[in-house]
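Survey of secondary and tertiary structure
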Amino acid sequence: MSVDDTRLHAMRHSLAHITAAAVKRLWPKAKFGIGPVIENGYYYDFELDHTLSVEDFPRIEAEMQKIIKESQPFEYFELTINEAIKWAKEENQPYKLELLNDLKRAGTTSIKELDTNELGLSTSENKIDNVSFYKNGDFTDLCRGPHLEHTGQAGAFKLQKISGAYWRGKNTNTQMQRLYGVAFTTAKELKQYLHVVEEAKLRDHRKIGTELGIFMFSDLVGAGLPLWMPAGEQIKHTLTEYMREKEEAQGYKYVSTPVLAHETLYQRSGHTAYYAEDMYSFKDNEGNRFYLKAMSCPHHHMIYERLVKSYRDLPLRLAEPGTIYRNELSGTLTGLIRVRGAITQNDAHIYVTSDQLKAEFLRVLELFKEVYEQVGITDYWYRLSLPDFENKKFAGARDVWEKASQLIREALDEFGAKYVEAEGEAAFYGPKLDVQTRNTLGKEDSIATNQIDVLVPERMGLKYINAKGEEEAPFIIHRAILGSYERFIGFLLEKTAGKLPIWLAPEQIRFITVNQEIETITFTEQIMNEAQDLGLRISVDNANESVGKKIRSAELMKIPYIVVIGEQEIKSKQLNPRIRKDLEVSLNHEALEVDVFLKTVANETKSKTSRSSL
RNA sequence: GCCGGCAUAGCUCAGUUGGCAGAGCAACGGUUUUGUAAACCGUGGGUCGUGGGUUCAAGUCCCUCUGCCGGCUCCA
C-alpha cells in the first residue's frame, strides 16, 4: 500500500468509528459488531432497537458532521485482555465480548483460524496479553487501528445503504443491521464515484435486456426463470453455434443428454451427498425418484464408460450446451446472472491420462483466450480456487489435490497468465481455475471455469486400460468457457451496454423507408431479399412516421447499420449506411452499391473480428 | 432462506392528512408522404400484484401470499 492508500484506509476506518459514534448518540443502547474498510468505503454492523432506514441517513450524517466538527482526537490505549473483557461487560457489548473471549482463548478473532483451532491444532504461540482500543469523544472501540489523528480530518462521505448481515457471517447467528458508507479524500472524488455508480446503473443487463427485448420474467412462470424473447434467443443461438464450431475444430464431440436422471446416477457420482437439497427432485407414479439435471457431468461419465476402453481412446472430449436447473435460494436470484433454471452451460468434460492432463488444460486456456478476444471481453482475471486443507473441506487424498493444484500453477505460468489464489473456493472434486469479472455495479462473479476432477473417476469407478494392461482411473477436466450462455449474455450486455458486435447483433441492418410509394416498397424488398440470401438479419421500418423518428427508434435498439431508402437510393442504386458510432468497421459513410454494402456486412458477420470499440 | 425496501395503463412514473384514478411515451383512428435521434389532431386502455381485514369510505392503514430491488448466507 502506498502512503496515500494507507491514509485513505485510515480515513475510511475512522469514518466507520464516527458512524458508530453517531449511531450511539442517537440510539444509546446500540450494540456494536465490527466496522471494517471495504472497497470505496466502509461499513459498520449494529444491533439496534430501531430499524434503520434511508430516512434516518440525514440524521446520522448530521450527527457525524458534528463529531467531525468537534475534531475529537483518536486516542490509542491498551488494556489487558481481562480488563478489556470487564469493559465489554460494563458497556453491555456482547459482540465485543465474544471477540475478546476468542482473543483470550485462541489469540484470534478470525472465524477460519478459530475453526482450525477447534480441530485441535496448536494455538499456544498465539496467546496475547494486551488488546488495543481507540477512543474518540465518548465512543470507545476495540480496534487495531490505524486511525486519523482526529475526527476533523475525515474526508467526503455519504451513507449509502443499509442491509442485514449475519454476525460473523454465519447464517445461524443473529442478523445485524449493516450500514454502508462511501468515503473519499475529496468531495470531488466522491462526486465522481457517485456519478460512475449512476452511469453503471444504466448498463445493468436487466435494464438493457428489457429495452432491447432480449429476455423477460413473468410472475406466473416464477422467479429466476427467464423467458428468452426473439432477439435474445437469436443471440444465444449465435453464441451456441459459434462455440460449437470452435470446439469441434478442437476435437470436442457434441453429445446430448436428458434433463432428468434417476437418483442412482447422482448417488454414484456423489452429488446427492453434497447437493441433494439444491436439486429439484420428484417421485414418479411408480415410486422412482428422479432429479432434474443440475450438472451434466455424471451423464457424460456414462457416455465415457460406453466409449472408452483403452488409453488409446483418450483424450475424450465430450461437449454439450447442457440445460440444467438448480434450486437456488429465492433471495439470491439476480437477472440472468443467478437463475434457477434453464441454465445452458457451455459444458465439456475432457477425459485424460495423467500424461495428457497438463497439455489439455493448456489447450483449454488457449481456447478461452481466443474466444474472449473475439467476443471482446477483456476485463477479467484468473482465480486459482483451492480447497481449505486446514478445515479438511475436501474429499480424497491430499497429495493428489496438491499435485493437481501445482499442475494448474505450472500451466498458468507456461500460459503466461497472472492469477490470485483463493482458499476454500474449490469444487468438492478438485481444484479449479475460475475466470472472474465484475458486473456493472462492481460485484464479482465467475464467468468461466476450468476444473480438474481428482475424485469422481475413482468414486464412480471410471476406468481405462493403460499401456501396461492395467486398469487406471482417468482425470477429468470440467470446463465451461462461456460459463452459462445466460450469465455470459448478461455480462456481455453490461460490458457492451447492449452495443453488440455485428456478428452477435440480433438485428444487423434496419431499412427505413422515406415514404410508402410502391417504387420504394419494391426497391426495398429487392434489397431485403438479397440480404436474406446472404444470411443477414434484417428488418424494415415502413411505418407512416418521420424518417427522424424511425432512425431514433432504430438507434435506441442499437442496430449496427441503418439504411434509409427513398428516391435518391432508387435513382442512384446506391445506399448511404448509417453506422453505429462505436463500431470499428471497414465501411464508412460513403455511398455504396447495394451489392458491395451487403457483401461487406456479410463478411463482417463471418469474420467475427469487427469488434465494438467500447 | 434471512434482514430491509418496493409493486398504480404495454413502458417510465405522479397520486397530498383515507373522500370520483392521472401524465408522457407506446397502441389504435385520422391528417400528413416525410431525408438521418421524437410531425399534428383525436380515441381506447387500469378490480391500483394476490387473497383477506379495519372503515360510512382504502391506490393510500393492517395481515397473508407472489414477484421485484439492495445486502447477508449459498454458489457443483
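Each remark here, short or long, concerns the structure printed above.
The rules behind these values
Residues numbered from 1 in each chain as written. Chains lettered and ligands numbered in written order. Predicted model: local features only at pLDDT ≥ 70, side-chain atom pairs only at ≥ 80, totals over all residues. Heavy atoms only, no water. Helix = DSSP H or I, 4+ residues; strand = E, 2+ residues; numbered from the N terminus. Buried < 20%, exposed > 50% of the residue type's maximum accessible area, 1.4 Å probe, protein only. Areas by Shrake-Rupley, 256 points an atom, 1.4 Å probe, with all protein chains shown as cover. Lys, Arg positive; Asp, Glu negative; His and termini not counted. Charge placed at Lys NZ, Arg CZ, Asp CG, Glu CD. Near = heavy atom within 4 Å. Polar contact = N/O pair within 3.5 Å; in protein donor to acceptor, adjacent residues only side chain to side chain. Core = buried A, V, L, I, M, F, W, Y, C linked by side-chain atoms within 4.5 Å. Contact = heavy atoms within 4.5 Å. Pairing = 2+ DSSP bridges. Axes fitted to C-alpha atoms, helices over the stretch in contact; angles between N-to-C directions. Phe/Tyr/Trp six-rings, centres within 6.5 Å; stacked < 30°, edge-to-face > 60°. Arc of directions from axis to C-beta. 1 Å grid on protein atoms, 1.4 Å probe; cavity = no way out; pocket = protein on both sides within 12 Å on 5 of 7 lines; lining within 4 Å. Points joined across faces, edges and corners; volume = space filled by probe spheres on them. Domains from an automatic or database assignment.

Okay, the overall build of chain A next. Along chain A, the regular secondary structure elements total 19 helices and 29 strands. Viewed in the frame of its principal axes, chain A has a C-alpha envelope of about 90 × 75 × 55 Å. Counting the 614 residues in chain A, one finds 50% classified as buried. When the accessible surface of chain A is split by element, carbon and sulfur atoms take 49% of a total near 29800 Å². Between the averaged position of the 79 positive side-chain charges in chain A and that of its 90 negative side-chain charges there is a distance of 2 Å.

We now examine the protein's contact with RNA strand B. Not every one of the 50 residues close to RNA strand B is listed here, only the nearest: Ser-163, Gln-175, Ser-330, Asn-544 and Arg-552. Counted by atom, the contact set of RNA strand B within 4 Å of the protein is 50% sugar and phosphate. Taking Tyr-180, its side chain carries an N or O atom lying 3.1 Å from a sugar or linking oxygen of RNA strand B. Within the side chain of Lys-549, an N or O atom sits 2.8 Å from a phosphate oxygen of RNA strand B.

We now examine the nonpolar core. One broad rule of soluble globular proteins: the nonpolar side chains tend to lie buried together. Judged by nonpolar contacts, the single largest core of 61 residues is most densely connected at Leu-239, Tyr-372, Tyr-382 and Leu-482. For this core, the element with the highest residue contribution is helix H12 (residues 354-375), accounting for 10 residues. Each residue touching Leu-239, except ones within four places of it in the same chain, is listed here: Val-375, Leu-482, Tyr-485, Phe-488, Ile-489, Trp-503 and Leu-504.

Attention now goes to the sheet that holds strand E13 (residues 281-283). The sheet built from three strands is open, its strands ordered E12-E14-E13 with antiparallel pairing. The sheet terminates laterally at strand E12 (260-262) and E13, the two strands that pair on one side only. Taking the axes of each pair of neighbouring strands and ignoring which way they run, one obtains an average angle of 30° across the sheet. Direction of pairing for E13 relative to strand E14 (residues 289-292): antiparallel, over a ladder of three bridges. Bridge pairing in E14 places Ser-281 opposite Tyr-291.

The next thing to look at is the packing of aromatic side chains. Within this structure, the stated rule accounts for 28 aromatic pairs. Judged by centre distance (5.3 Å) and plane angle (10°), the ring pair of Phe-77 and Phe-133 falls under stacked. Here Phe-133 lies in strand E5 (residues 130-136) and Phe-77 lies in strand E4 (residues 75-80), a separation of 56 residues in the sequence. In this structure Phe-133 comes out as buried when scored by relative accessible area, which is 0%. Ring geometry for Trp-87 and Phe-133: centres 4.9 Å apart, planes at 75°, overall edge-to-face. Residue Trp-87 is found in helix H3 (residues 81-90), and its partner Phe-133 is found in strand E5; the two are separated by 46 residues along the sequence. Three or more aromatic residues joined by ring pairs form one cluster here, namely Phe-368, Tyr-372, Tyr-380, Tyr-382, Phe-415 and Phe-488.

Moving on: helix H17 (residues 547-556). When we look at burial in H17, the residues that qualify are Lys-550, Ile-551 and Ala-554. Down the axis of H17, the smallest arc covering the buried residues is 100°, so these residues share one side. Across H17 from its buried face, at more than 90 degrees, point the exposed residues Arg-552 and Leu-556. Looking at the buried positions of H17, the neighbouring elements they touch are strand E24 (509-513), strand E25 (538-541), strand E26 (561-565) and strand E28 (578-579). A positive backbone phi angle near 55° is found at Lys-558, which sits one or two residues after H17.

Let's shift gears to the layout of surface pockets. Of the pockets and cavities examined, the second largest pocket occupies roughly 930 Å³. Along the wall of the second largest pocket there are 27 residues; nearest its centre are Gln-160, Tyr-193, Val-197, Leu-441 and Gly-442. At the level of secondary structure, the elements contributing two or more residues to the lining of the second largest pocket comprise strand E7 (156-166), strand E8 (175-184), helix H6 (187-202) and helix H15 (485-496). At seven residues, H6 tops the list of elements feeding residues into the lining of the second largest pocket. Residue-level mapping places the lining of the second largest pocket at the junction of two domains, with at least three residues from each of domain 1 (3-191) and domain 2 (211-496).

Most of strand E17 (residues 381-386) is tucked away, with five of its six residues classed as buried. As paired strands, E17 and strand E19 (residues 432-438) are joined by five bridges and run antiparallel to one another. Across the sheet, Leu-384 pairs through a bridge with Leu-433, a residue of E19. One ladder, built from five bridges, connects E17 with strand E18 (residues 419-423); its direction is parallel. Across the sheet, the residue bridging to Arg-383 is Val-420, located in E18.

Okay, the sheet that holds E4 next. On the basis of which strands lie adjacent, the open sheet formed by three strands has the order E4-E5-E6 and antiparallel pairing. Of all the strands in the sheet, the pair left with one neighbour each is E4 and strand E6 (139-142). When strand polarity is set aside, the average angle formed by the axes of neighbouring strands in this sheet is 30°. As defined by bridge partners, E4 adjoins E5 across six bridges and the pair is classed as antiparallel. In the sheet register, Glu-78 faces E5, and the bridge partner there is Ser-132.

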